Amino acid sequence: PTGLTMASHGCSGLSPPRSPMASLFGSEESRNSGVIGRFSRTNSRFSGAKSNDSVLSVPLLPLPEAAVAKKRGIWARVLGDASAKDVLTAGVYGLVNAVVVAPVMVSFASIIFRNPAFHKHPVVYGQLVKLVLFSSAVHQAVFSLTSTLPFAIGQVQDAGLIFLSSMADTLVAGTQEAPEEEMLATVLVSLSLSTLLLGVALILTGKLRLATLVQFLPLPVVGGYLAFIGLYCMMAGLSLMSGVQVTSLLGLDAVEQWKELLTPSALLPTLPGLFAGVGIILALQRFQHFLVLPALLMAIPIIFFAVAFAFGKNLQDLRDIGLVAQEQPAGSALSVWSHFDFRLVHWKLLPSLLPTWLGMYTVVSFSSCLDVAAIQMDMGKQLDFNHELATVGLSNLASGLTGGFTGSYIFSQTIFTYRTGANSRACGVVVIAVELLLFFAPFSIVAYVPKLFFGAVLTFIAADLILDWLLRSRSKVHAAEYAIIVFTFVMINLLGLEVGMGAGVLVSMVHFITDYARVPVVQRLQLRSNVTRSLLLTAELAKLQPQVITLRCRGYIFFGSTLQIMDDVLGSVELGAQHAAQYPNGLSGKPRQVRDASQPSPQPTRFVVFDFSLVSGLDATAARACFFNLCRTLAPFDVTVVFGGVTTGGRVERLLRGHQIISEDEGSAKRFETIDEALEFCEDELLRTAVPDAVRENDAITENAMRRSQGLDISSVLLNRSCSSTGGNGS
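Everything numeric in this text was worked out from a predicted model, so none of it was measured.

Turning next to a nonpolar patch on the surface. Judged by side-chain polarity, Val200, Leu204, Leu208, Leu210, Leu213 and Phe216 come together as a nonpolar surface patch covering roughly 530 Å² of accessible area. Summarising the element assignment, Leu208 is placed in the loop between helix H7 (180-207) and helix H8 (219-242).

Among the structural elements, His339 can be located in the loop between helix H12 (315-320) and helix H13 (354-379). Take His339: its relative accessible area is 18%, and that puts it in the buried class. Apart from the residues lying within four places of it in its own chain, the contact partners of His339 are Gln127, Leu184, Ala185 and Leu188.

The next subject is the sheet that holds strand E3 (residues 522-525). An order of E3-E4-E5-E6-E7 is seen for the 5 strands of this open sheet, with the pairing classed as mixed. Of all the strands in the sheet, the pair left with one neighbour each is E3 and strand E7 (670-672). Recorded for the sheet is a direction-independent mean angle of 25° between the axes of neighbouring strands. In this structure, strand E5 (residues 607-618) lies alongside strand E6 (residues 640-644), joined through 5 bridges in parallel fashion. Directly across from Val609, in E6, lies its bridge partner Val642. Sitting on the sheet, helix H23 (residues 620-634) is in contact with strand E4 (548-557), E5 and E6, with an inclination near 175° to E5.

In this section: the pattern of salt bridges. In total, this model carries 13 salt bridges according to the counting rule given. In this structure, the salt-bridge partner of Asp684 is Arg533, at a minimum N-O distance of 2.9 Å. Of this pair, Asp684 sits in helix H25 (residues 675-690) while Arg533 sits in the loop between E3 and helix H20 (535-544), placing them 151 residues apart in sequence. Using a relative accessible area of 9% as the deciding quantity, one classes Arg533 as buried. The closest approach of N and O atoms between Glu673 and Arg671, which form a salt bridge, is 3.6 Å. One network of salt bridges, with partners in common, ties together Arg528, Arg533, Glu683 and Asp684.

Basis of the calculations
- Residues numbered from 1 in each chain as written.
- Predicted model: local features only at pLDDT ≥ 70, side-chain atom pairs only at ≥ 80, totals over all residues.
- Heavy atoms only, no water.
- Patch = residues over 30% accessible without salt bridge, like charges linked within 9 Å, V, L, I, M, F, W, Y side chains within 5 Å.
- Areas by Shrake-Rupley, 256 points an atom, 1.4 Å probe, with all protein chains shown as cover.
- Salt bridge = Lys/Arg side-chain N within 4 Å of Asp/Glu carboxyl O.
- Helix = DSSP H or I, 4+ residues; strand = E, 2+ residues; numbered from the N terminus.
- Buried < 20%, exposed > 50% of the residue type's maximum accessible area, 1.4 Å probe, protein only.
- Contact = heavy atoms within 4.5 Å.
- Pairing = 2+ DSSP bridges.
- Axes fitted to C-alpha atoms, helices over the stretch in contact; angles between N-to-C directions.

Here it is as structure tokens:
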């Protein structure tokens, strides 16, 4: 399940077999499941409640969902048939989820808009943070209303963050000379339009039932990308806490940035957040209760302000020394959409975002399928991956239409809610309410929460991602795959997101080709046709059998298999006396074992038979470089190539004819529908040369009589034939 291509692990087939990532890291089941290292797993140890399989039971003849919704109204659809107690329970767990996801969404805003151009005016940045919160509420609303999982939690997610941040940087660079209003309009409209188009693409992928195709993205490349997300979160956290603009910790200018970070003025405000983030990791490893993470997140700002007030520092003092963001003027939350002025957008810059958007579509669709796979694995219930992918697309469509950003299922929170037994959409409603409350609040949350809090959250996410993919994954994948994870991670740091991932995919392809080429595609067999022959000819064929080499091929024969097939055939062919002296080591040229002089000389090979019954396909390179060259190489030595199991009019037959490997010309390779027909042809040719005509004709008459006498016992027929061949009376 950790193969480099996911073609054999299509989304629709990920359960009951585990998903590539889920099976990669095992589970308890989801705590260590495969979507390790993404924020969808930031609370992967957050699922402490027991599973309740009964909550998913449905009536045998349920009403159509649309009819139910129409009949009961939207609130009845949201709350379902849950009792007041169930709704209250779901609301409590919804509040727990909100405590976890809200600060993470604020931290994600610092990743999307980490370019210094967005931090010139505190009011603008505060509005952008609110926009991320509103986008998360939109995602949650769509999941709560349309998902087949009533307990689903869906938010702005880390899988698309780096692509959005990269787009924002590209657009800022392209509008350097333009006024700030044009820069903001270009960035916000472009990001929301990219999210909208992503939603359309995901809906089409799901509706056309093409979810399996997104699994072709190599897993080690995704691992390297997720490790880079961890590093990116770390850089965003360091920038937030230290005030130093960190753009590369491993790039070409990393030395200079490390020097700035290690100065006392930058290091002192950074260390508490780093220690707090590492402390969260250690605490979650030690304690498994689901309230540990929310409690830690609430404790960090409480302890911070308690210590600060103990030292006589008030909130304004903390702002003056840079530990808390400056207070921002109050304004209408709705004013954020005033920046979406289509007249100010630099539309000519949008085509340059296409490569980044394609990468975002691939990664988001791939990671969404893995989120669904992890949820399915924990539930033990088959989910429709195409439907769920379409649901993710619908949430992104709604988010893009409202000026928001990419998102998907947050599988750790979804599984946590499922395990609590809170089978009500009220849980999602509470999350929406909290996020909308923060959005409409007349102040910005970042002006009242210490920077080290958001830095600690980003450090926690970063450490979780980096440890999972650059350390823990080492024992879960092959050495070559781990090398590709590290290679992709390094290349993204050195060459950028698109080029780095492209390099990882290229290396993965080369590794897959070399790996697949090592798989044996041919097997030498001793086969005979099913034709019934006399004892005389049967005995004769047994003597002539070494003159026929039969090779059974299987799987897809491509250019990487040609060398293996050529070596197997040329190393097996025995030459006649007239050619043996010229080629003492045979046609392969490799030294052969010296035969004992007392042993008889091997019979020269006359036929090389390929059994294509189990061949799924053949590419043009293999047809030309392997089979065409084999025919031309063997023809001067009176060796005929025969293909069996090649269907008339099939793709393989057309390819063999197209390269003139088989034709009506004398001396070309022969083709037969079945391997039995191919072997019968070879046997007839051997007998025609080795057996006198009189004996062969007499035996043919007897064989025809046998085939017509279906009611006779076969042993008596063979006895009669044996007697007639020796002049007996057949009594």
